[in-house]
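Residue-level structural notes
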Number of protein chains: 2
Amino acid sequence: MIKIVQIGMGPLGQKIAKFISERPALKIVGAVDKDPEKAGKDLGTLCSIPVKGISISSSLKEAMAKEKADVALLTTVSDMQRITPQIEEIVAMGLPIVSTCEELSFPWDTAPELSKRIDEASKKNNVAVLGTGVNPGFLMDTLPICLTAVCQHVEKVKVSRFQNAEFRRIPFQKKIGAGLTLREFEEKRKQGTLRHVGLTESISMIARSMGWKLSKTEDILTPVIAEKEIVTSAMTIKKGDSAGVQQIGKGYVDGVEKITLAFRASVGEPESYDLVEIDGNPKISSKIDGGVNGDVATCAITINAVKQILTAKPGLRTMSDISPVSFFQ
Amino acid sequence: MIKIVQIGMGPLGQKIAKFISERPALKIVGAVDKDPEKAGKDLGTLCSIPVKGISISSSLKEAMAKEKADVALLTTVSDMQRITPQIEEIVAMGLPIVSTCEELSFPWDTAPELSKRIDEASKKNNVAVLGTGVNPGFLMDTLPICLTAVCQHVEKVKVSRFQNAEFRRIPFQKKIGAGLTLREFEEKRKQGTLRHVGLTESISMIARSMGWKLSKTEDILTPVIAEKEIVTSAMTIKKGDSAGVQQIGKGYVDGVEKITLAFRASVGEPESYDLVEIDGNPKISSKIDGGVNGDVATCAITINAVKQILTAKPGLRTMSDISPVSFFQ
């Protein structure tokens, strides 16, 4: 039985608490959120799960005073700047960490100084720290990396994650900019709220595994334009407006595009799928029909990684340097 | 630059030597085969590769006296009984090992005593030992295990490897029993020459990762019967004769079939592919169109694993407990 403290009780943290409560090998022993609206509330009630006797603590120290955990799950922020001091505090209490922080998935190239701080703090406390999730963390990095195992040589890696958002939650449709005029889309693009965080991290992880030294990376975000009027239960998208978002990340080695990550989510997208294409020997085209549901998958991989993080070498780890994460009963 | 000694200079060992010679990060420094027909021959000539100054040694000791390797690749036999003393000899010289021995891919359940011997010998010498390959070693075990990473729960794992042997080498067509009468097929089945080694090992590896305790395994081999006459450049297969082989492995937990591995190779098979189906949440169906060429893939994964085996924890390791193997330049 692995004892877990969940830090960050937003939608992701709540779903993770639910998943933990359904898994025989895991036990949630504490929950932390500094939001005064949440602190003190009953965990079972907040997450609608049959867990009794745990209330949300406003600090990790308070939560740990009640029952010591073996590992901390951290689902608070997406950026290295803000996650680093949080990690330093947690590892100082002797806890290994699995986090959904997107930039933590492979921060060695994009945030080398902060990576070093985390690496040193975790080594000092003899624990491992991992950033994971469905993307970044799996579909656009770990999975293509694993698939190259059978290749004698690799020239190019391309991953496409295409999603029809028609039947997704309305907040998801809004998040991808469906229904916006192109002017509104451009405004939101500038604000950064449409951006999927993690393409550059995934590119870096792939390049590092392949032994490729990146000379340049790109991350280009554009609207998917509705070719005709689209009517859904939630909105009407006019012809010529945005039906969603397309974001393409590219990694170059000596001017040659070696890595291409294409993410597209739009209302009316003809097909949903996750596709890895490896140009090499042998050529590999591996497709997951229907694609992988991101919400379930991110929570699942986070709790599945708990087993590996407990035996991983101390320090800042990535999905490419711990043993394969899998479901376990 | 990683220095490699190749032990076993059959077709697989020769191809591996070729692959090593094409990879900038690797260098072959020795080759061993106890066959007196091969010992003393020039490696470059035998493998048609531009490697100079290495002759096949009849023993590892002889090969290592010339130049010390960092790691040994071992492609001699498929069974634990014969590979164990070979491994003990190699690790005693301080060399980690990557082997294509099928039964070594996950021997903990099928050969616990020999596994323990290998584990102890390698730990004593502070090196790691790994059995890998395309199958067992990747397509029917490591890959489905990795794909479950995004699952909150898994009910059943099914892997199908279907190959149209029409355009494969004639020895491969013969190996799968194409063109045999059903009586001849049954004779060969009894002799064991049609059997693919490794289904039980793959089932054990998956079960161990999922935390499932197997109550029973099955491994059933039957002919694929030609529904009409098939004429190829190499043979004519009569209607009702064998066009190839089908082998199905099953793993049961408390009487429930939880793991199904279906391997089929026949002349005229309608489609070649590798398919992983995970029944769980989310459901996953991941298909590699055209399938993965086994010869290239086994040699590739063996040399790709060299990088991981050098940093792996000492002892008998499996693909499910070392960091992900990938191509590297």
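What comes next is a walk through the structure.

Criteria and cut-off values
Residues numbered from 1 in each chain as written. Chains lettered and ligands numbered in written order. Predicted model: local features only at pLDDT ≥ 70, side-chain atom pairs only at ≥ 80, totals over all residues. Heavy atoms only, no water. Helix = DSSP H or I, 4+ residues; strand = E, 2+ residues; numbered from the N terminus. Rg over C-alpha atoms; globule rule 2.2 N^0.38 Å. Buried < 20%, exposed > 50% of the residue type's maximum accessible area, 1.4 Å probe, protein only. Least-squares fit on C-alpha atoms with pLDDT ≥ 70 in both. Contact = heavy atoms within 4.5 Å. Buried area = accessible area lost by both parts, 1.4 Å probe. Salt bridge = Lys/Arg side-chain N within 4 Å of Asp/Glu carboxyl O. Polar contact = N/O pair within 3.5 Å; in protein donor to acceptor, adjacent residues only side chain to side chain. Nonpolar A, V, L, I, M, F, W, Y, C, P; charged D, E, K, R; others polar. Pairing = 2+ DSSP bridges. Phe/Tyr/Trp six-rings, centres within 6.5 Å; stacked < 30°, edge-to-face > 60°. Lys NZ or Arg CZ within 6 Å of the ring centre and 35° of its normal. Axes fitted to C-alpha atoms, helices over the stretch in contact; angles between N-to-C directions. Parallel < 35°, antiparallel > 145°, perpendicular 65-115°, else oblique. Left-handed = near helix turned anticlockwise from the far one by under 90°. Expected span 1.5 Å × (residues − 1).

Attention now goes to the overall build of chain A. Scanning chain A from terminus to terminus reveals 11 helices and 14 strands. Here chain A has a C-alpha radius of gyration of 20 Å; the compact-globule value for 329 residues is 20 Å, and the two agree. Its C-alpha atoms give chain A principal-axis dimensions of roughly 55 × 50 × 35 Å. Counting across all 329 residues of chain A, residues that qualify as buried make up 58%.

Attention shifts here to the relation of the copies chain A and chain B. Superposing chain A onto chain B takes a rotation of 180° combined with a translation of 0.0 Å along the rotation axis, leaving an RMSD of 0.0 Å. Interpreted geometrically, this transformation is the action of a two-fold axis. When C-alpha distances to the rotation axis are compared across chain A, the minimum falls at A:Ser323, with a value of 2.1 Å. With an isologous cut-off of 70% or more, the 100% of interface residues of chain A that recur at the interface of chain B puts this contact in the isologous class.

For the rest of this paragraph, the subject is the interface of chain A and chain B. On the side of chain B, 47 residues touch chain A, which itself brings 47 residues to the contact. Summed over both partners, the interface of chain A with chain B comes to about 3700 Å²; 60% of that surface belongs to carbon and sulfur atoms. There are 0 salt bridges connecting chain A and chain B. One can count 21 residue pairs in polar contact (both at pLDDT 80 or more) joining chain A with chain B. Sorting the residues of the side of chain A that touches chain B by element identifies helix H6 (142-147), strand S6 (153-164), helix H9 (199-210), strand S13 (284-289) and helix H10 (294-304) of chain A as the ones contributing at least two each. Residues that form the side of chain A that touches chain B fall into these classes: 28 nonpolar, 13 polar and 6 charged. Inspection of the sheet shows S13(A) paired to strand S13 (residues 284-289) of chain B by 3 bridges, in the antiparallel sense. Counterpart to A:Ser286 in the pairing with S13(B) is B:Ile288.

Under the criterion given, the structure shown has 2 aromatic pairs over all chains. Where B:Phe162 meets B:Tyr273, the ring centres are 5.4 Å apart and the plane angle is 35°; that geometry is what we call tilted. Separated by 111 residues along the polypeptide, B:Phe162 in strand S6 (residues 153-164) and B:Tyr273 in strand S12 (residues 273-281) bring together distant segments of the chain. Residue classification places B:Phe162 among the buried positions, given a relative accessible area of 13%. Above the face of the A:Phe328 ring, A:Arg23 is positioned so that its terminal group lies 5.3 Å from the ring centre. Between the NZ or CZ atom of B:Arg168 and the centre of the ring of B:Phe172, over which it lies, the distance is 3.9 Å.

To continue, consider the packing of helix H1 (residues 11-21) of chain A against H10(A). All names here are of chain A. Closest axis-to-axis distance for the H1/H10 pair is 9 Å, and the angle between their directions is 60°. Our classification of the angle between H1 and H10 gives oblique. The two elements H1 and H10 cross, and the hand of that crossing is right-handed. In this structure, H1 contributes Leu12, Lys15, Ile16, Phe19 and Ile20 to the contact, and H10 contributes Asp295, Val296, Thr298, Cys299, Ala300, Thr302 and Ile303.

All names here are of chain B. Across its 13 residues, helix H5 (residues 112-124) extends 18 Å between first and last C-alpha, which sits within 8% of the 18 Å expected from 1.5 Å per residue. On its buried side, H5 packs onto helix H4 (80-91), strand S5 (128-131) and strand S14 (315-317). Looking at the residues trailing H5, positive phi occurs at Asn126, about 60°.

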